[in-house]
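Architecture at a glance
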Amino acid sequence: MNDGNDQATQTAASSDVATAKAKAQAKEDQHVKNMSTITVTGFSRSIETSIDVKRYADTVVDVVTAADIGGLPDVSISDALTRLPGISAERINGEASAINIRGMSGGFVETTLNGREQGATSGSRVIQFDQYPSEMISQATVYKSPKASLIEGGVAGTVAMETANPLENSKQYSAVFNLRGSYNDRGNETDGANPRGYRASASFQGKFLNNTLGLGLGVAQMYQPHVADQFNGLAYNGSKDVDGDGVNDYTSEGFEMQQNGGSARRNGYMAVAVWEPSDSFTLKADGFYSHFDATNFGRGFRVKTLSNGIITNPHLQPDGQVTGGTVTSDPSNPYYTIQTTNDDDSTVTSVLSGGLNATWRTGSWTIAGDVGMSRAKSDMTNAVSWTLPFNGLGTDSPTVANDLSATYQLKNLNIPDVSFNRDLTDRNQMALAKVGVYPYIYEDTTKAAKLDVQYDLFNNSVISAIQAGARYSERRYEADRAIWEYGNDFGQYANGQVPLALNDGNSHTACFKGNLSGFPCFLSVNSLAVLEENGITPTPTRQWANDWTQIQSATVSENVLAAYVMADVDTMIGDHNLTGNFGVRMVRSSQYSEGLQNIGDGSAPPLTDGLGVVSTNYLMVRRGKKYTDYLPSLNLNYHFDDANQLRFAAAKVMSRPPLNKLMAGGGSWIDGNKYNMWGNTSPFLDPFYAKAYDLSFEHYMDDNGGAIAAALFYKKIDSFIEDRTIDPFDFAGAGIQVPINPTTGAPYENGQYQTAVNNDKGGYVRGIELDYSKVFKSLPGAWSGLGFTGSFAYSQSKVTETSTLGGTPVQIGLPGLSPRVINGTLFYGHKGFDTRLSARYRDRFVSNQMSEDSQTVYYAPETVVDYQASYAFQSGNLKGLSLLFQVSNLTDQPTRTYFGSEDLTGTLQWFGRQYYVGFTYAL
């Protein structure tokens, strides 16, 4: 809002406007002051600052600020964001990573850092917030209603992260040092795991040249081991008549029991320079870099392909799913086995983001220009190995054992009973049967430039300012897949390969502890050592023999030109102030992908794979589309008085398809005279479009120490993206080349196309949010440091899709939507002592889970509780020193999933409690 109304004394109404503007400006000035001192004033100050930002925002927003974000046990800002109304997170290795907003998953969330769109390390568009150290983010604003000046892309919302501006720091020079050690109380249960870790950070802010130059530097390092005891049920994708009634029953692919462990090392760096030689000009350069190096291992058992074994004493569910029984080897079918698994994954990801921003202010004009880039890279290698029992090991012709038996009984969301008929830790009978190495490499780079202009209309009684701007961006996504394999899952060997022997140097016996202590012991195998002893070096390559490595290696390019015009509203209706904005954003998009299409007729130019094999069956294609969208938006805020206001927002919004679903090309097969393609991607996909409406009432308490808000929201979504088989499909009509049938000399007929499409179902997401925050300043004495903040959100949607992972086809809900999300934080601060207890509850929801393959499951409800306490010395030689103690996952909340019904157990995982002890020292 603006001050300086030239006609402020002419009428009572205009006087009220000027008064409201002056109050707003004073609040904004106080907000800057609060932000500069927030790191030393505790959690209650962060609550007050967040309330201020929300109160005077021109859209529907929620905010977390420095003390909330930087106050551990938050590993990343996703932990802090989950304390906002309607926001929840999906845990990866026990840590919050991707977030959901109002029941919509991370693919519907736009994310910026210092106003610049961020690349994703996920291989899609989903931002993994654990890439961003909490120590380096000063504020994160969640825009739940858009405005025309915001970068498009957030159907669910936009998360705008900011780093600090050193010129706004209250001190001339300041430095903060942070060190704390961590301990996981389940670390000793996992063979080879390390329960101890640490976090360290240092930052500096200074003002120079008569406060015209500000410099800020920051570095943060984290080493955090993680563990998880895990039982993992696999999808019901088999069928067999197990009870002799002539009707096939549903059988699971199998199940796994594993000890999981690993570690993550993250280094983050931030630098910012701000030059403000006068009130009319500001030049800012900033950069952010985060490098994440993670290793994960899984050791245990996998019982595989139950439908290929002989099932006796089956336990059947009413819909025919087998949830227990004894499964033994069938001599006529070798594709049932009990394996010991040794999975080793490594992931190296990085995010580089930065740019240059200049702002000119002269009279009524404000002109801002920005150039920047963001590059996200991910290099993930999935290495798997399986050990099987053999007969005749050490002879010239060993054969895989065919007398295996497993007896099991699922127990809903509790640990099942599992036993085997033989000892699978005997190295005289066990040998390494299969090793596979599968790299996944992604790079996502965005370069953008934008120009924004604002003209303030001081004398206008309705419109206070006009804004306009344009942004051009180029985004390039590259995916690279490869494969290397030795052996066979079931011990069926070819090409002279043989099972590889185990010894004391490359393997040892390990046993389950803790929750899984009743399961059998297993062999922990160092697969790379076994290969090295046999002179074998894994060399993953793209190859025609596994042409999915070629088909799924592709590039996607997006060029976007956006322009907007927006008017800021500041007027009176009767005796009450109305503020807000309205405008429209035009977006012209060009999306193209280059990839390989298998045409299979030998007519393509010769291409060579990583093994030196030449093929003329694959055609390099470039396909895509252009489209233009107009996105109107309206935000109005009606001020009943200084304490009460009603907001209304309406907009058309869009989110572009996942980058990995836009890839061109595809595999193929010939069926008679029909040409068929597979791939489940399409460069012709349209974005997700929705019409969004928000209505909220906000009450701010007199002492500025509390607020109550209630919000209704409704999103009408035009369509969703789904995988679909179209048969027949008009390939030529879509610009897809069909090969020539050498027998007829004419193109093959149209067959089926397994692709991704925008369905015509659409649907809605709607709900309510209730938010309450209060610092109880009116309480006597030391009790005045007590406070509470909490929220309740309820969402619902009629959007469903069909899942057969539980055997019987069932309708499952919108991925990411939890009907109820509740969070609360009870906090207290007095004379340097600061403590808080936070709990966040999330109702059940649907999401993808990576097991042997990606599978869509229901996640059971969960409540995650964190606690922290600190003491800051107030005087003497120790002034500036704070001692800290924190616990993440205080109740050791497990992750539990299931396939439609809780009887069909998916994953059961326990991650342990994470303890932190350390200090912060501020100068």
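Everything discussed here concerns the structure shown above.
Residues numbered from 1 in each chain as written. Predicted model: local features only at pLDDT ≥ 70, side-chain atom pairs only at ≥ 80, totals over all residues. Heavy atoms only, no water.

Turning our eyes to something else, we now look at the nonpolar core. In globular proteins that are soluble, nonpolar side chains generally tend to be buried together. Ranked by size, the top nonpolar core spans 55 residues in total, and within it L81, I99, I101, F129, V159 and M161 carry the most contacts. Judged by nonpolar contacts, the second largest core, of 47 residues, contains F255, L404, V530 and L908. (Core = buried A, V, L, I, M, F, W, Y, C linked by side-chain atoms within 4.5 Å. Buried < 20%, exposed > 50% of the residue type's maximum accessible area, 1.4 Å probe, protein only.)

A few words now on a nonpolar patch on the surface. There is a patch of nonpolar side chains on the surface, built from W360, W365, I367, L451, Y455, I466, V565, V584 and Y630 and spanning about 790 Å² of accessible area. Only strand 18 (365-391) and strand 22 (430-456) provide two or more residues apiece to the nonpolar patch. Checked against the element boundaries, V584 lands in strand 28 (residues 576-598). According to the relative accessible area criterion, V584 is partly exposed, its value standing at 30%. (Patch = residues over 30% accessible without salt bridge, like charges linked within 9 Å, V, L, I, M, F, W, Y side chains within 5 Å. Areas by Shrake-Rupley, 256 points an atom, 1.4 Å probe, with all protein chains shown as cover. Salt bridge = Lys/Arg side-chain N within 4 Å of Asp/Glu carboxyl O. Helix = DSSP H or I, 4+ residues; strand = E, 2+ residues; numbered from the N terminus.)

Below, the discussion takes up empty space enclosed by the protein. Evaluated as defined, the whole model comprises 16 cavities of 30 Å³ or more. In this model, the largest cavity occupies a volume close to 280 Å³. Along the walls of the largest cavity sit 24 residues, with S50, L84, D771, S773 and T789 positioned nearest its centre. Contributing elements (two or more residues each) for the lining of the largest cavity: helix 2 (43-56), strand 1 (61-65), strand 36 (706-717), strand 39 (763-775), strand 40 (786-797) and strand 43 (820-830). Per element, the largest residue contribution to the lining of the largest cavity is five residues, and it comes from helix 2. (1 Å grid on protein atoms, 1.4 Å probe; cavity = no way out; pocket = protein on both sides within 12 Å on 5 of 7 lines; lining within 4 Å. Points joined across faces, edges and corners; volume = space filled by probe spheres on them.)

Along the chain, D727 connects to P728 via a cis peptide bond; the corresponding omega equals 0°. Position of P728 among the secondary structure elements: in the loop between strand 37 (721-726) and strand 38 (749-758). Positioned with a positive phi, R102 is a non-glycine residue whose angle comes to about 50°. With respect to the helices, strands and loops of the structure, R102 is situated in the loop between strand 3 (95-101) and strand 4 (109-113). According to the relative accessible area criterion, R102 is buried, its value standing at 1%. A positive phi angle, close to 60°, is found at T305, a residue other than glycine.

This part covers the environment of I127. Its place among the elements puts I127 in the loop between strand 5 (116-117) and strand 6 (139-143). For the pair I127 and A376, spaced 249 residues apart in sequence, the C-alpha to C-alpha distance is 9.9 Å. With sequence-adjacent residues up to four places away left out, I127 is seen in contact with A98, T111, Q118, G119, A120 and Y132. (Contact = heavy atoms within 4.5 Å.)

Within this structure, the stated rule accounts for 38 salt bridges. Residues R125 and E558 are paired through a salt bridge, measuring 2.3 Å at the closest nitrogen-oxygen approach. Separated by 433 residues along the polypeptide, R125 in the loop between strand 5 and strand 6 and E558 in strand 27 (residues 554-573) bring together distant segments of the chain. Of the two residues, R125 and E558, both sit in the buried class. A salt bridge links R476 to E478; the shortest N-O distance between them is 3.4 Å. For R476, a relative accessible area of 37% translates into the label partly exposed. According to the relative accessible area criterion, E478 is partly exposed, its value standing at 34%.

Our next topic: the pairing of strand 17 (residues 337-362). Taken together, the 24 bridges between strand 14 (residues 281-304) and strand 17 define a ladder with antiparallel strand orientation. Counted as the bridge partner of H291 is S350 from strand 17. Bridge count between strand 17 and strand 18: 21 bridges; the pairing is antiparallel. When the sheet's bridge partners are listed, A358 is paired in strand 18 with G369. (Pairing = 2+ DSSP bridges.)

So, about the sheet that holds strand 21 (residues 414-420). If you trace the four strands from one edge of the open sheet to the other, you get 15-16-20-21, paired in antiparallel fashion. Strands with a single pairing partner mark the edges of an open sheet, and in this sheet they are strand 15 (310-316) and strand 21. Averaged over neighbouring strand pairs, the angle between their axes works out to 15° when direction is ignored. Of the strand pairs in this sheet, strand 20 (residues 405-411) and strand 21 are connected by five bridges, and their pairing is antiparallel. Across the sheet, residue Y408 finds its bridge partner in strand 21, namely V418. (Axes fitted to C-alpha atoms, helices over the stretch in contact; angles between N-to-C directions.)

Here the focus is the packing of aromatic side chains. Within the structure shown, the criterion is met by 34 aromatic pairs. Their ring planes at 50° and their centres at 5.6 Å tell us that F281 and W360 sit as a pair that is tilted. Residue F281 is located in strand 14, and its partner W360 is located in strand 17; the two are separated by 79 residues in the primary sequence. The class for F281 is buried, based on a relative accessible area of 17%. Residue W360 is classed as partly exposed on the basis of its relative accessible area, which comes to 40%. It is K652 that lies over the ring of Y689; its NZ or CZ is 5.2 Å from the centre. Across the ring face of Y858, the terminal group of R844 is positioned such that the distance to the ring centre comes to 4.3 Å. (Phe/Tyr/Trp six-rings, centres within 6.5 Å; stacked < 30°, edge-to-face > 60°. Lys NZ or Arg CZ within 6 Å of the ring centre and 35° of its normal.)

With that settled, the discussion passes to the state of the cysteines. The full count for this structure, using the stated rule, is one disulfide. Between C511 and C521 runs a disulfide, and the two sulfur atoms are separated by 2.0 Å. With the S-S dihedral at roughly 100°, the linkage between C511 and C521 falls on the right-handed side. Here C511, found in the loop between strand 25 (507-510) and strand 26 (522-525), pairs with C521, found in the loop between strand 25 and strand 26; they are ten residues apart in sequence, far enough to count as distant. (Disulfide = S-S within 2.5 Å.)

What follows concerns the environment of T907. With respect to the helices and strands, the residue T907 is situated in strand 50 (residues 901-910). Each residue touching T907, except ones within four places of it in the same chain, is listed here: Q230, F231, N232, Q849, T895, R896 and T897. Only 2.5 Å separates the side chain of T907 from the side chain of N232, close enough to count as a polar contact. (Polar contact = N/O pair within 3.5 Å; in protein donor to acceptor, adjacent residues only side chain to side chain.)

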